[in-house]
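The residues making up each chain are set out below.
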Amino acid sequence: MAALLALVIGLLVGCGVYLLLRARTFSVILGIVLISYATNLFLFAAGRLATNQAPLVGEGPPYADPLPQALVLTAIVIGFAMTAFVAVLALRARGEFGSDRVDGKPREDGP
Amino acid sequence: MSALVISPVLVPLATAVLTTLAGRRPGIQQVLSFAGIAAFLACALALVALAAADRPAEAAFGGWAAPFGIQFLIDRTGAVLVLVTALMGTASLVFLASDADTGPRHPLLLPLVHGLLAGVGGAFATADLFNLYVWFEVMLICALGLFAIGGRLDQLDATFKYLALNLLGTLLLLIAVGAVYAVTGHLNFGALAQASEALPPGLATLVLAALILAFLIKAGAFPLFAWLPASYHTLPAPVLALFAGLLTKVGVYAVLRTLGDVFAPAPELLYEALGWIAAATMLVGVLGAAYHWDMRRILAFHIVSQIGYILLGVALMSEAGNAATLFYTVHHIVVKANLFLIAAILWRLAGSYDLRQIGGLYALRPWLGVLFLIPALSLVGVPPLSGFWAKLLILEEAIAQGRVAWTVVALLVSVLTLYSMVKIWMEGFWSPHPDPQWRLPRARLWPAYAATLGLAAVTLWIGLNPQPLLTYAQAAASTLGAH
């Protein structure tokens, strides 16, 4: 199970980096989203993989580590807000530029 | 003292909320903003006093004791940086009250500035690795807001570049935090310091390398600084000074905290690599600055260059090196922010940030020329200004350790820094203005002069009387890595 998870995380990061390096805002956003999914999975796995175990200390030895689950929850919430922000930003830039290229030449030297 | 320890977060955050509520009444908003920053400054002074008396403010939240609950701990290092943060906030808010910045005032500008200060304060106060990540995110979202509220095309473009590269750094930081937790089972600094001693060196190198790399992206070190000169020049001047002074320095502080304190002594390979990265950062930054003619771009590249010096102090892996790092950071924040503010005054008076299109200010405003020279020569490291002592401390330690190559690079970069500063001075003040029709505009600039004069006074005070700050920095360094 650990090998499969590692493979999935690696694949997600690989696809994310490829998309991030493209010069269109939409692909860049998708790339960021994929990498943040991979990050969340990695963070979750930091508490060791366990199935069918309650994340509660004190119920007896077989329990899942609750802390990474709390960390992932925080990271998901922050990541969601960031994604929403970047999507709105990209839409606004698309409307103003008339193009969604990241390397477009904006006006130089505004005040 | 649990009330005071959360003040670096609580005071700016409360001010941000209050100024948001007063968004429709600019007068009240301004008053609230000044009251908030004054309270922040008072709390920061109290925190320094506590830390200097060896009673660092400390608290753990959520009803859990320290290694499990999130802990705030403000030692000497954190306290002095919180104080400088409050000082920078004051300077840029005072500067905002002048009409040196002519753009329309967005009602969310002041709340976002205070939100940014809360993020910076939280990062300096926390003693928990995941909590540090959260404060980086608070800073990032407020910084993005400040980039985007102008709404100009170049600003939107800069926001996107800043966001894409910084978000990548944040995600790497999150991965590294997860890895640290996976191998040690802790996130609290004190507990990590204990647990890291049992780590096998290979694993420690790998995990810490990821963590340091994430912090270096945030600090703008070579080769990961592309986001900084690509975006900073689109900001309004007072906000730019705040960014230039504080944001990259939080990344540097995080490197100091991890390599110099929590995980010290870390595997030697990391310090060696950091030293070469620092040398490359210095050199590339200063060469980038030499190429440009826009004052904001020149100064932005000098941020990168100076980050190299500060990182060099950490790479020296000694108590003296850490003390020099802290001294340099405090000096650099004040000087860098001041240079950006003075550049904004130049822009207001002469009409452009492009050095080829301005000039002739020395004949009309000779004292402004002198004012500019104080932070400029301090940045270069001319005695008796603060930068001289900062560089002396770092180079003295580098020579004592026999690091000839790093010392030579640092000295060479000083000379090139002088070239950039002389370029600004010659083109902006000495050479005649290219437009013969140009006249000095009328503007209410006294708050801008008050802010820049105040910061220049701090530079002069550190320069003429370096012993108090030096003693403080040495005392701070003696507690770093002691566990």
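Scroll up to find the structure.
Now for a quick tour of the structure. Note that the coordinates shown come from a computational prediction; the quantities given were computed from them, not determined experimentally.

**Section: the overall build of chain B**
Here comes step 1: In terms of helices and strands, chain B carries 20 helices and two strands.
Here comes step 2: Projected onto its principal axes, the C-alpha positions of chain B cover 70 × 55 × 40 Å.
Here comes step 3: Evaluated residue by residue, chain B yields a buried proportion of 63% over its 483 residues.
Here comes step 4: A sequence separation of at least 24 residues applies to 81% of the contacts in chain B between residues at least 6 apart.
Here comes step 5: Counting every atom, chain B has about 16400 Å² of accessible surface; 71% of that belongs to carbon and sulfur.

**A closer look at the overall build of chain A**
Here comes step 1: The helix and strand inventory of chain A stands at three helices and zero strands.
Here comes step 2: When its helices and strands are written in sequence order, chain A yields α-α-α.
Here comes step 3: Counting every position in chain A, which comprises 111 residues, the buried fraction comes to 32%.

**Observations regarding unusual backbone geometry**
All names here are of chain B.
Here comes step 1: Cis geometry is found at the peptide bond from Phe222 to Pro223, where omega equals -5°.
Here comes step 2: Summarising the element assignment, Pro223 is placed in the loop between helix H9 (201–219) and helix H10 (227–231).
Here comes step 3: Cis rather than trans, the peptide bond between Pro383 and Pro384 has omega equal to 5°.
Here comes step 4: Mapping Pro384 onto the fold places it in the loop between helix H16 (366–380) and helix H17 (386–400).
Here comes step 5: In this structure, Asp54 takes a positive phi of about 60° despite not being glycine.
Here comes step 6: Structurally, the position occupied by Asp54 is in the loop between helix H3 (26–52) and strand S1 (57–60).

**Focus on the interface of chain B and chain A**
Here comes step 1: With 33 residues of chain B at the interface, the matching set in chain A holds 37 residues.
Here comes step 2: When the buried area of chain B at its contact with chain A is split by residue, Leu153, Phe160 and Tyr181 of chain B rank highest and sum to 21% of it.
Here comes step 3: Linking chain B with chain A are one residue pair in polar contact (both at pLDDT 80 or more), by the criterion used here.
Here comes step 4: Looking at the side of chain B that touches chain A, the elements that each hand over two or more residues are helix H6 (129–148), helix H7 (153–184) and helix H13 (295–315) of chain B.

Conventions and cut-offs
- Residues numbered from 1 in each chain as written.
- Chains lettered and ligands numbered in written order.
- Predicted model: local features only at pLDDT ≥ 70, side-chain atom pairs only at ≥ 80, totals over all residues.
- Heavy atoms only, no water.
- Helix = DSSP H or I, 4+ residues; strand = E, 2+ residues; numbered from the N terminus.
- Buried < 20%, exposed > 50% of the residue type's maximum accessible area, 1.4 Å probe, protein only.
- Contact = heavy atoms within 4.5 Å.
- Areas by Shrake-Rupley, 256 points an atom, 1.4 Å probe, with all protein chains shown as cover.
- Buried area = accessible area lost by both parts, 1.4 Å probe.
- Polar contact = N/O pair within 3.5 Å; in protein donor to acceptor, adjacent residues only side chain to side chain.

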